[in-house]
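Analysis of the macromolecular model
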Amino acid sequence: MGELLPSDRGEVLKHVFNQYDRHGKGELSPLEVQNLHGDIRMGGISYPQVLASMKYVCGSLDCCTLEELHDLLQEMDRRYFLVQDLRWEFSLLDREHKDTITEHQAMWMVQAMHGKNFSKRKWASFLQLRAVPGSPLAFPEIEVLLCNVKSSLDVLQEREEEERERRERLEHERLRQEEERRERERLERLKDEERRRKEEAKQRLEEDARRKMMEEEEERRHRQQELEEEERRREEQRLLELEERGREEEERRRQEELEKYKDAEKIVNETELEEADILERLRVVREKLQTETDGRKRVELQEEEQRLLRLLRDLKHKRIRYKLKVAIKERDRYKLEYSVNEFKTEKVEDVDMDLEKAERLLREITSRDNLRRAVSRREIEELEKAIATIKRNGLEVQLARELIEANVILTRLRKIQRIRSEILELKQSTVAEIRSYQKPPPVVHTVMTATFLILGHKEKETKDWKTVQALVGKTGKDGLKRRCLECDASKIPMETARRARQLLEKQELDEVRDVSAGAATFYVFTFAMVEECFDIDERGPLPDEETNPTSGPSPGEKAGKAGRQRVDPTKMTIQRSRQVVTNSGTAAVATELRNKTPTRKK
């Protein structure tokens, strides 16, 4: 059949319209339209879909005129075929075959259909109007929503509705905020008045408590310092008494050693010559043994060889014993280490108990060197460890003078550490108090000038209080507290330390404390660092083992042996070999002696 002409199509529609308009009212109801479309398309569409189609096409929701029938049928056809496709997609989502899907899946389908025209507000309204919100959805519930197409009028109305709701929310929020602001201001005024009264009362209490606490802290610190000073004086007195007794004992012992070991060097040299002579005789016997064929004479030569070897071993042990005596007499650390090691390696019998004496003397010298190194480095932990080692080894008498000096330095270092702890515990409000001065008291300005002097600033920088305020207000690695904790007295120039002491000597600690507790803490810190700087300058850098390897004798012998140089045991071996060569005239004997003598490893 060919396509109907417009005039024919109008006749057909009129004929169909009249067939279903049984009452002749000139309009069709939704049910009549549904029956009409059901006769055209198998199954037709649901009644809600018919109403939605009439709402979209017709001017009235309960009737359709002849002029609207064609457009209405087209809209119903669109929904009919669309429903077929959507049912298939719905079945794909319905994996459990319950003819329902979740609300999330349904929203996804609606959003996929409507695209950018999807309205979350309408979807939320749809979910709220459900009989059982949250339950799974069947296809009939959402088929109309899926098939609906927004017109420009719907979009415009929706936007106007959203804008109206937004303005209402904003106005409601503005009124609420305004009410809250007024209420907040009223409460703030009440709180401010109450806070002001409480702060005034609190300040009075804090001022009284701070004054009382400072007095108690000062009294406690004073008592602690007195106890520490008394303890230090008692310890110093005890060490002086020990030193006095030790000096007498040391002098007596030294005289005994000098008398006992006065011929030790001579005996060592004689023993070396005898060793060289025995080696020469041993070489001759071995040469004869290689050429001798008579059995009796070979036996005699072998017995002579064994006798010479025993004699050589005895001489070697004798030489090692007397070398140890020489090392004890000279009190040289490196000779002692070499001789003790040789004594133990050769398993020499300790007849005169010299090994024990040498080891005790070596511990004394090593402990003295460690204590000097700790004093030079000025580290509390290392100093305490060195002092504890001396006490544990029972060397307080021998090292009494060094212990007195170390205890003085340890007391000063502990004081500096305690002051640094006080700086670390300073509240930020205390530091802010110093910075808050617009015209600071002269005593505060002077103390902070001295503090920043030892921290590396020029005095002219600190004359302007605004510069000092900026320096006090810095944080991080440039913060005042951190810089004080990292301050090293050994790196402060003496000229700076003298100027800082001149500034601080004009003030008294009590005077500073009455003006500012924070400034008083920096006063004590700066004064302690200046004292440490002067002490380092007076004592000078004490030599440690690396810079002065010669371990000096006891304090009473230091002057007599100040010029003694370190003796390398390896050079001792070479000199002894040369002496043997000179006396024996045989290079082979010197070579054998050099091979038998252990040398110190570098």
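Source: prediction; values computed, not measured.

1. Focus: the overall build of the protein chain
Counting its regular elements, the protein chain contains 23 helices and two strands. Counting all 602 residues of the protein chain, 37% fall into the buried class. A sequence separation of at least 24 residues applies to 70% of the contacts in the protein chain between residues at least 6 apart. Only carbon and sulfur atoms are counted for the fraction: they give 50% of the accessible area of the protein chain, which is about 37200 Å².

2. Observations regarding the environment of Glu405
Along the chain, the position of Glu405 falls in helix H14 (residues 400-424). Note: C-alpha distance between Glu405 and Val375 (30 residues apart in sequence) is 8.4 Å.

3. Side note on helix H16 (residues 442-454)
Taking 1.5 Å of rise per residue, 13 residues should cover 18 Å, and H16 covers 19 Å from first to last C-alpha, within 8% of that figure. Among the residues making up H16, those that are buried are Val443, Val444, His445, Thr446, Val447, Met448, Thr449, Ala450, Thr451, Phe452, Leu453 and Ile454. Positive backbone phi, approximately 110 degrees, marks Gly456, located one or two places after H16.

4. So, unusual backbone geometry
Glycine aside, residues mostly have negative phi, and peptide bonds are mostly found in the trans state. Despite not being glycine, His97 has its phi angle at roughly 55 degrees, a positive value. Relative to the helices and strands, His97 resides in the loop between helix H4 (66-93) and strand S1 (100-101). When its relative accessible area of 68% is taken as the criterion, His97 is described as exposed. Positive phi, normally seen in glycine, also occurs at Asp99, with a value near 60 degrees. Locating Asp99 in the fold gives a position in the loop between H4 and S1.

5. Examining the pattern of salt bridges
Side-chain pairing between opposite charges can occur once the charged atoms of the two side chains come close. By the definition in use, this model includes 31 salt bridges. A salt bridge links Arg176 to Glu180, with the shortest nitrogen-to-oxygen separation between them at 2.4 Å. On the criterion of helical spacing, the pair formed by Arg176 and Glu180 is a turn pair, its members being four residues apart in helix H8 (residues 152-260). Classification of Arg176 by relative accessible area gives partly exposed; the value is 34%. A salt bridge links Arg182 to Glu178, with the shortest nitrogen-to-oxygen separation between them at 3.4 Å. Of this pair, Arg182 and Glu178 both sit in helix H8, separated by four residues, roughly a single helical turn. In this structure Glu178 comes out as partly exposed when scored by relative accessible area, which is 26%. Several salt bridges share partner residues, and in doing so they unite Glu178, Glu179, Arg181, Arg182 and Glu185 into one network.

6. Regarding the state of the cysteines
Summed over all chains, the structure comprises zero disulfides. Cys58 takes part in no disulfide bond, and the closest cysteine sulfur to it belongs to Cys64, at a distance of 4.0 Å. For Cys58, a relative accessible area of 8% gives the class buried.

7. Considering the packing of aromatic side chains
Here the structure, examined in full by the defined rule, presents four aromatic pairs. Relative to Phe81, the ring of Tyr80 lies with its centre 5.2 Å away and its plane at 80 degrees, an arrangement referred to as edge-to-face. Classification of Tyr80 as buried rests on a relative accessible area of 11%. The class for Phe81 is partly exposed, based on a relative accessible area of 44%. Ring geometry for Trp123 versus Phe126: centroids 5.2 Å apart, planes at 35 degrees, classification tilted.

8. Regarding the confidence of the model for the protein chain
Of all residues in the protein chain, 82% attain a pLDDT of 70 or more, and the chain-wide mean is 76. When pLDDT is averaged over each helix and strand of the protein chain, the minimum, 35, is found for helix H22 (residues 569-584) and the maximum, 89, for S1. Confidence over residues 542-602 falls short of pLDDT 50; this stretch has 96 contacts with residues more than four positions distant or in other chains.

9. Focus on the packing of helix H2 (residues 30-40) against H4
Any two packed helices are characterised by the angle at which their axes cross and by the distance between the axes. Running from N to C, H2 and H4 point in directions that differ by 60 degrees, and their axes come no closer than 11 Å. By the criterion of interaxial angle, the relationship of H2 to H4 is oblique. In this structure, the crossing between H2 and H4 has a hand that is right-handed. Contacts between H2 and H4 involve Val33, Leu36, His37 and Ile40 from the former and Leu69, Leu72, Leu73, Met76, Asp77 and Tyr80 from the latter. By residue class, the composition of the contact of H2 with H4 is eight nonpolar, one polar and one charged.

10. Focus on the nonpolar core
Counting 40 residues, the largest nonpolar core has Val444, Met448, Phe452, Ile454, Leu480, Phe522 and Phe525 as the members making the most contacts within it. Tallying contributions element by element places helix H21 (residues 517-539) first for this core, with ten residues. Beyond its immediate sequence surroundings of up to four residues, Phe452 is in contact with His457, Thr462, Val468, Leu471, Val472, Leu480 and Arg483. Within the second largest apolar cluster, 17 residues are counted, among which are Leu86, Ile101, Val110 and Cys147.

How each quantity is defined
Per-chain numbering applies: the sequence of each chain, read as written, is numbered from 1 onward. Local features in a predicted model are, by the rule used here, given only for residues with pLDDT of at least 70; side-chain atom pairs are given and counted only at 80 or more, and totals for whole chains, interfaces and linings are based on all residues. The basis for every side-chain value is the complete set of non-hydrogen atoms in the structure, without hydrogens or water. Only DSSP runs of H or I covering at least 4 residues are called helices, and only runs of E covering at least 2 are called strands; the numbering of each starts at the N terminus. Each residue is placed in one exposure class: buried if its accessible area under a 1.4 Å probe, protein chains only, is under 20% of its type's maximum, exposed if it is over 50%, and partly exposed if it falls in between. Pairs of residues are marked as contacts when any of their non-hydrogen atoms sit within 4.5 Å. Per-residue accessibility takes into account occlusion by the displayed protein chains alone, with areas from the Shrake-Rupley method and a 1.4 Å probe. Expected helix span is taken as 1.5 Å per residue step, with the number of steps being one fewer than the number of residues. Basic side-chain nitrogens of Lys or Arg form a salt bridge, by our definition, when they fall within 4 Å of a carboxyl oxygen of Asp or Glu. The definition used for a disulfide is geometric: two cysteine sulfur atoms within 2.5 Å. We call Phe, Tyr and Trp rings a pair once their centres come within 6.5 Å, taking the six-membered ring for Trp, and we label the pair stacked below 30 degrees between planes, edge-to-face above 60, and tilted otherwise. One confidence number per residue, pLDDT, is output by the predictor and ranges from 0 to 100. To obtain each axis, a line is fitted to C-alpha atoms, and for helices this fit is confined to the stretch in contact; angles are then taken between N-to-C directions over 0 to 180 degrees. Note that the term roughly parallel is reserved for angles under 35 degrees, roughly antiparallel for angles over 145, roughly perpendicular for angles of 65 to 115, and oblique for everything else. Crossings are classed by handedness, with left-handed meaning an anticlockwise turn of the near helix from the far one by less than a right angle and right-handed meaning a clockwise turn. The residue classification treats Ala, Val, Leu, Ile, Met, Phe, Trp, Tyr, Cys and Pro as nonpolar and Asp, Glu, Lys and Arg as charged. All others, Gly included, are polar. We call a set of buried Ala, Val, Leu, Ile, Met, Phe, Trp, Tyr and Cys residues a nonpolar core when their side-chain atoms join them within 4.5 Å.

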